[in-house]
Amino acid sequence: MKRQITEYAKGRGASLVGFAPISRWKEHNEVHPRYHPESIWPDANTVIVLGVPVLLPILETTPSINYVEQYDTCNVMLDQIAYCLAVYLNDLGHASIFLPRDGYGSIDILIDKPVAAFSHVYAGKYAGLGTIGYNNTLLNEQYGPRVRYVSVFTRLSLPGDVLIEKELCNKCLVCKKLCPSQAFATRDQGVVAHMDKVACARYHKDLKNENRYPCGICIKVCHVGRDRELYNSTNIKLYLDEKEAIQKNSDDPRYQGWVHCRNHGSKGDRKF
Ligand code: SF4
Ligand code: SF4
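The model shown is predicted, which means the values in this text are computed figures rather than measured ones.

Student: Is there a simple way to think about the overall build of the protein in this case?
Tutor: Counting secondary structure elements, the protein contains 13 helices and 8 strands. The C-alpha radius of gyration of the protein comes to 19 Å, within 12% of the 19 Å expected for a compact globule of 272 residues. Projecting the C-alpha coordinates of the protein onto the three principal axes gives extents of approximately 60 × 40 × 40 Å. In the protein, the share of contacts with a sequence separation of at least 24, taken over all contacts with a separation of at least 6, comes to 73%. Carbon and sulfur atoms provide 51% of the accessible area of the protein, an area that totals close to 13,400 Å². Here the protein holds 34 positive side-chain charges and 29 negative ones, and the gap between their average locations is 2 Å.

Put into structure tokens, the structure is as follows:
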């Protein structure tokens, strides 16, 4: 059954598919019980997590309308694949639903209530798709944090995928350094930073007003992921130097394509 589901989801555009029995939320005891799958839908026995990649060269142009459109495309793909998979399972007699990849009405609501009804990041971790990095995202071996996720809850009981034990984040702190809203603060223990979600959402309000939402810098600059080799984009110093270099010369050939995209389709003339 797992193979059948994986083939179905991949055939509709999912790059990553993982399976998490709901018992993993209790075993790990990291998520408040109100946010466990069975608290949201008591019939859930397994969460199927689906991911689509965010393509790095377009993400590198953020904040730009090109990245906005790519982000929106990922979201549409995810919701459609998840919806189709839930209906497919229902038609086979296995009651299923999907939780949309986002769940807020506006940026103002996000500033007021920055926590989602369900965390696809923890679902992805419990489905063996990655480990949670300093930047609060799921780091995947293939794509690093450059993946968007959605979850399908099903009454089917399926074996879970093997969890990734070794942390993929090495706490290089590049994401912390380059976050425009300074949203990350190191905790005494563990890898995952405290994240000021309100500061992040406030910054997004400015970007949204300029048609440049979302930001995505903390997923752009993370060195984890084999997609960097595919795109020949392993030089993290390029990001560390970006702001200063563009301030000095906005025609710097290393950043020309990114600045070009930022100059089109959004309000204002942000260069970084
Ligand atoms: S999305 Fe941007 S503002 Fe928000 S935490 Fe990441 S880098 Fe910071
Ligand atoms: S940029 Fe560095 S600290 Fe941030 S999530 Fe990636 S590996 Fe971890």
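Student: Can you help me understand the nonpolar core in this one?
Tutor: Nonpolar side chains in soluble globular proteins tend to be buried together. By size, the foremost hydrophobic cluster in this structure holds 57 residues, and its most contacted members are Ile5, Ile48, Leu50, Leu85 and Val152. Excluding its chain neighbours within four sequence positions, the residues that come into contact with leucine 50 are Ala9, Ala14, Leu16, Val17, Leu78, Ile81, Ala82, Leu85, Arg148, Tyr149, Val150 and Val152.

Student: I would appreciate a short explanation of the site of ligand 2 in the present structure.
Tutor: Taken together, Tyr134, Asn135, Cys169, Asn170, Lys171, Cys172, Leu173, Cys175, Cys222 and His223 make up all the residues around ligand 2. For the shell around ligand 2, the class distribution of residues is 6 nonpolar, 3 polar and 1 charged.

Student: Please explain the packing of aromatic side chains as it appears in this structure.
Tutor: Aromatic rings in a pair are described by how distant their centres are and how their planes are angled relative to each other. The tally for this structure, following the rule as stated, stands at 11 aromatic pairs. Seen from their ring centres, tryptophan 25 and tyrosine 126 are 5.0 Å apart, and the 75° between their planes marks the pair as edge-to-face. Of the two residues, tryptophan 25 is situated in helix α2 (residues 23-28) and tyrosine 126 in helix α7 (residues 120-126); the sequence distance between them amounts to 101 residues. This pair shows no difference in class: tryptophan 25 is buried, exactly as tyrosine 126 is. Relative to tryptophan 258, the ring of tyrosine 255 lies with its centre 5.5 Å away and its plane at 65°, an arrangement referred to as edge-to-face. Through a chain of ring-to-ring contacts, three or more aromatic side chains come together here, namely Trp25, Phe118, Tyr122, Tyr126 and Phe153. Just above the ring of tyrosine 8 sits the side chain of arginine 12; from NZ or CZ to the centre is 3.6 Å. The positively charged end of lysine 208 is found above the aromatic ring belonging to tyrosine 213, 4.8 Å away from the centroid.

Student: In this structure, what is going on with the pairing of strand β6 (residues 147-154)? I would like to understand it.
Tutor: The side chains of a regular strand alternate between both faces of the sheet. Counting buried residues in β6 gives 8 out of 8 residues, a clear majority hidden from the surface. Residues Val147, Tyr149, Ser151 and Phe153 point to one face of β6 and Arg148, Val150, Val152 and Thr154 to the other, with burial holding for every one of them. For strand β3 (residues 96-99) and β6, the ladder comprises 4 bridges, and the chain directions are antiparallel. Looking at the pairing, isoleucine 97 lines up with phenylalanine 153 of β6.

Student: Explanation requested: the environment of phenylalanine 118 in the structure shown.
Tutor: Examined against the element boundaries, phenylalanine 118 turns out to sit in the loop between α6 (107-112) and α7. A residue is classified by how much of its surface remains accessible, and phenylalanine 118, at 5% relative accessible area, is buried. Between the alpha carbons of phenylalanine 118 and leucine 168 there is a distance of 23 Å; along the sequence they are 50 residues apart. Contacts of phenylalanine 118, omitting those with residues within four sequence positions, involve Trp25, Tyr35, Pro37, Ile40, Val47, Leu99, Ala123, Ser151 and Phe153.

Student: Mind showing me how you'd approach the pattern of salt bridges here?
Tutor: Pairs may arise between side chains of opposite charge once their charged atoms sit close together. Tallied over the entire structure, the rule returns 17 salt bridges. We note a salt bridge from aspartate 79 to arginine 101, for which the minimum N-O separation is 3.0 Å. Within this pair, whereas aspartate 79 is found in helix α5 (residues 65-91), its partner arginine 101 is found in the loop between β3 and α6, the two being separated by 22 residues in sequence. Given a relative accessible area of 24%, arginine 101 falls into the partly exposed group. Arginine 212 is the salt-bridge partner of glutamate 210, the closest N and O atoms lying 2.8 Å from each other. Arginine 212 shares its class with glutamate 210; the two are buried. Overlapping salt bridges, with partners in common, bring together Asp79, Arg101, Asp102 and Arg148 in one network.

Student: For this particular structure, what's the right way to read the site of ligand 1?
Tutor: Near ligand 1 the following residues occur: Cys179, Pro180, Ser181, Phe184, Met195, Cys200, Tyr203, His204, Cys215, Gly216, Ile217 and Cys218. Only α9 (197-209) and α10 (217-220) provide two or more residues apiece to the shell around ligand 1. When residues in the shell around ligand 1 are grouped by element, the largest group, 3 residues, is from α9. Each residue belonging to the shell around ligand 1 can be placed in one class, and the counts come to 9 nonpolar, 3 polar and no charged.

Conventions adopted
- Residues numbered from 1 in each chain as written.
- Chains lettered and ligands numbered in written order.
- Predicted model: local features only at pLDDT ≥ 70, side-chain atom pairs only at ≥ 80, totals over all residues.
- Heavy atoms only, no water.
- Helix = DSSP H or I, 4+ residues; strand = E, 2+ residues; numbered from the N terminus.
- Rg over C-alpha atoms; globule rule 2.2 N^0.38 Å.
- Contact = heavy atoms within 4.5 Å.
- Areas by Shrake-Rupley, 256 points an atom, 1.4 Å probe, with all protein chains shown as cover.
- Lys, Arg positive; Asp, Glu negative; His and termini not counted.
- Charge placed at Lys NZ, Arg CZ, Asp CG, Glu CD.
- Core = buried A, V, L, I, M, F, W, Y, C linked by side-chain atoms within 4.5 Å.
- Buried < 20%, exposed > 50% of the residue type's maximum accessible area, 1.4 Å probe, protein only.
- Near = heavy atom within 4 Å.
- Nonpolar A, V, L, I, M, F, W, Y, C, P; charged D, E, K, R; others polar.
- Phe/Tyr/Trp six-rings, centres within 6.5 Å; stacked < 30°, edge-to-face > 60°.
- Lys NZ or Arg CZ within 6 Å of the ring centre and 35° of its normal.
- Pairing = 2+ DSSP bridges.
- Salt bridge = Lys/Arg side-chain N within 4 Å of Asp/Glu carboxyl O.

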